[in-house]
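# Observations on the three-dimensional arrangement
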Amino acid sequence: MGSVLTIRGGIPLTGKVSVRGAKNLVPKAMVASLLGNTPSVLRNVPEIKDVDVVTSLLQLHGVTVTKDPVTGDLTMDPSEAKMARSKDIDAHAGDSRIPILFCGPLMHSIGEAFIPDLGGCKIGDRPIDYHLEVLRNFGAVVDKRPGGISISAPKGLHGAKLTLPYPSVGATEQVLLTAIRADGITELSGAAVEPEIMDLIAVLQKMGAIITVQTDRVIRIEGVKELTGYNHKAISDRNETASWASAALVTKGDIYVEGARQLDLTAFLNTYRKIGGAFDVDDDGIRFYHPGKPLSPLVLETDVHPGFMTDWQQPLIVALTQASGVSIVHETVYENRFGFTDALIRMGASIQVHRECLGSVPCRFGQRNFLHSAVISGPTQLRGADIHIPDLRGGFSHLIAALAADGVSHVTGIELINRGYERFQDKLEGLGADFDITEDAPAAAVALS
């Protein structure tokens, strides 16, 4: 059944953790290395599973990937890029959604691409229709086959005028990675403008791309014939930072997050302060701590950047179980992100989920019968329980709850957390958490997916 994390809760987390490159940027920057005609160097790379998956996919396509044993920097040389065997690519099906972003770079470098069935966290539909439609607009021919999708561009790729119905991060990345070597000019309206998108644009500009970010979510890309490699330090992971911030608040602890960047966390920091959390910012990071006063409830709606990020709400909901009063969280980005609350309810939390839009503005899920609003009443004493991790952010939220709970919790499925949290077990140990790991789950463990 895999490893089980046994947590004895009730101990405030105190100390320092370091965050490195963002999970939502690093794998995409690695894919971008395929577009250059010289090697690329990516710095500040975290040791997470998504990096391992993309490393393997690059190597399957003939890219030489070298890791510096001291710094962890990655050097990627695409000079021998080639088409990988379908069965080899299939071995990675279900591990990551990153393969869809290989399409544009592979067509530019070797003329074709094969993308396996895509996996990832079970938090919503997350269709790839945007990606396929984007590629067709560039002149790609999409052929759906058993187990995956074959994509080619017999007449080459050309610029296009595109409008996204929703500012999808993945679709925006697809456009950027495809348009920069397409013939002509591409204009993308309704684009995502998250910090990780802007950092990817910085990577591509270093390679020789001409990209202009205009007002009202419009990005303009002038295609160029060739690109060189890059040397880039990845932006730090704001989602991991927010997770540790919530852990400090829930456990009544004090955590300094080295590498945290205030500018990327403005919406989160405002909300953190409204709840009653405290933070101090310096040039090297941010200290998050519980000031000792009762926490306050609030009404919160997730949104695309610069709004409150969807990945922040799950850890923060654990903190809201300790606030004095009723809080409301309206999820507008992913329709199935409240499944993780089942475990919190078993641990003693008072949470109700609703199909209605419990927010100021009705969202696109309001007419689709999804449980996408949550009402949290607190404070409630959390109790230890047997928990199975359902997804990345929900899983870390379960860890936070177990660390704050009275009693012992057994947590299974912790391998999923390695997708986005670097050496999280070492960091927990450094913060004084009381836990141990065994290889087999206890017989009493109950899966709460």
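This is a predicted model, so every value here is computed, not measured. (Residues numbered from 1 in each chain as written. Predicted model: local features only at pLDDT ≥ 70, side-chain atom pairs only at ≥ 80, totals over all residues. Heavy atoms only, no water.)

## Comments concerning the sheet that holds strand E4 (residues 64-67)
In space, the four strands of this open sheet follow the order E4-E5-E3-E13, with mixed pairing throughout. Both edges of this open sheet fall to E4 and strand E13 (231-233), since each of them pairs with a single strand only. Sheet twist, expressed as the mean angle between neighbouring strand axes with direction ignored, is 15°. By the bridge criterion, three bridges tie strand E3 (residues 40-43) to strand E5 (residues 74-77) in an arrangement that is antiparallel. Residue pairing across strands places Val41 opposite Thr75, the latter belonging to E5. (Pairing = 2+ DSSP bridges. Helix = DSSP H or I, 4+ residues; strand = E, 2+ residues; numbered from the N terminus. Axes fitted to C-alpha atoms, helices over the stretch in contact; angles between N-to-C directions.)

## Focus on the packing of aromatic side chains
As enumerated under the stated definition, the model contains eight aromatic pairs in all. Summarising the aromatic geometry, the rings of Tyr272 and Phe288 are spaced 5.4 Å apart at their centres and angled 80° between planes, so their arrangement reads as edge-to-face. Of the two residues, Tyr272 is situated in helix H9 (residues 266-275) and Phe288 in strand E16 (residues 285-289); the sequence distance between them amounts to 16 residues. Phe288 shares its class with Tyr272; the two are buried. Between Phe308 and Trp312 the ring centres are 5.3 Å apart and the planes differ by 80°, which places this aromatic pair in the edge-to-face class. For the residue pair Phe308 and Trp312, the accessibility class agrees, reading buried in each case. Linked through ring pairs, Phe268, Tyr272, Phe288, Phe308 and Trp312 together constitute an aromatic cluster. Cation over ring: Arg364 sits above Tyr166, and NZ or CZ is 3.7 Å from the ring centre. (Phe/Tyr/Trp six-rings, centres within 6.5 Å; stacked < 30°, edge-to-face > 60°. Buried < 20%, exposed > 50% of the residue type's maximum accessible area, 1.4 Å probe, protein only. Lys NZ or Arg CZ within 6 Å of the ring centre and 35° of its normal.)

## Observations concerning the pairing of strand E22 (residues 408-412)
Of the pairings in the sheet, the one linking strand E1 (residues 4-8) to E22 comprises five bridges and is antiparallel in character. Residue pairing across strands places Arg8 opposite Val408, the latter belonging to E22. For strand E21 (residues 386-388) and E22, the ladder comprises three bridges, and the chain directions are parallel. Pairing of Ile387 across the sheet is with Val411, part of E22.

## Things to note about the UniProt feature "binding site: phosphoenolpyruvate" (unreviewed entry) in the chain
UniProt marks Lys23 and Asn24 with the feature "binding site: phosphoenolpyruvate" (unreviewed entry), using the numbering shown here. Along the chain, Lys23 falls in the loop between strand E2 (14-18) and helix H1 (26-32). A relative accessible area of 11% places Lys23 in the buried class. Sequence-distant contacts of Lys23, defined by excluding residues within four places in its chain, comprise Ile48, Asp50, Asp237, Leu392, Arg393, Arg419 and Gly420. (UniProt positions renumbered as here; feature names shortened; annotations may be inferred. Contact = heavy atoms within 4.5 Å.)

## Digging into the domain arrangement of the chain
When its domains are assigned, the chain resolves into domain 1 (3-19 + 236-439) and domain 2 (25-233). Distance between the C-alpha centres of domain 1 and domain 2: 30 Å. With 21 residues of domain 1 at the interface, the matching set in domain 2 holds 22 residues. Interface area, domain 1 with domain 2, both sides summed: about 1,900 Å², of which 51% is carbon and sulfur. At the boundary of domain 1 with domain 2, the tally comes to two salt bridges. With its nearest N and O atoms 2.7 Å apart, the salt bridge here joins Glu196 to Arg238. Counting across the interface, domain 1 meets domain 2 through six residue pairs in polar contact (both at pLDDT 80 or more). (Domains from an automatic or database assignment. Buried area = accessible area lost by both parts, 1.4 Å probe. Salt bridge = Lys/Arg side-chain N within 4 Å of Asp/Glu carboxyl O. Polar contact = N/O pair within 3.5 Å; in protein donor to acceptor, adjacent residues only side chain to side chain.)

## Thoughts on the environment of Ser152
Assignment of secondary structure puts Ser152 in strand E8 (residues 148-152). Discounting chain neighbours no more than four positions away, the residues touching Ser152 are Met107, Gly111, Glu112, Gly139, Ala140 and Val141.

## Quick notes on unusual backbone geometry
Of note, the amide linkage connecting His305 to Pro306 takes the cis form, showing an omega dihedral of 15°. With respect to the helices and strands, Pro306 occurs in the loop between strand E17 (299-301) and helix H10 (310-320). Residue Pro379 is bonded to the preceding Gly378 through a cis peptide linkage, with omega at 0°. Located in the positive-phi region is Asp216, a residue other than glycine, with phi close to 60°. Within the secondary structure, Asp216 is located in the loop between strand E11 (210-214) and strand E12 (218-222). Positive phi values are uncommon outside glycine, yet Lys252 reaches one of about 60°. Residue placement: Lys252 occurs in the loop between helix H8 (238-250) and strand E14 (254-258). Under the relative-accessibility criterion, Lys252 is labelled exposed at 61%.

## A few points about the confidence of the model for the chain
Looking at the chain as a whole, the pLDDT averages 91, with 93% of positions reaching at least 70. Within the model, the stretch residues 441-449 combines pLDDT values under 50 with 19 contacts to residues more than four positions away or in other chains. (pLDDT = per-residue confidence, 0-100.)

## Quick word on H9
Those residues of H9 that sit buried are Ala267, Phe268, Leu269, Thr271, Tyr272 and Ile275. The first or second residue beyond H9 is Gly276, which carries a positive phi of 125°.

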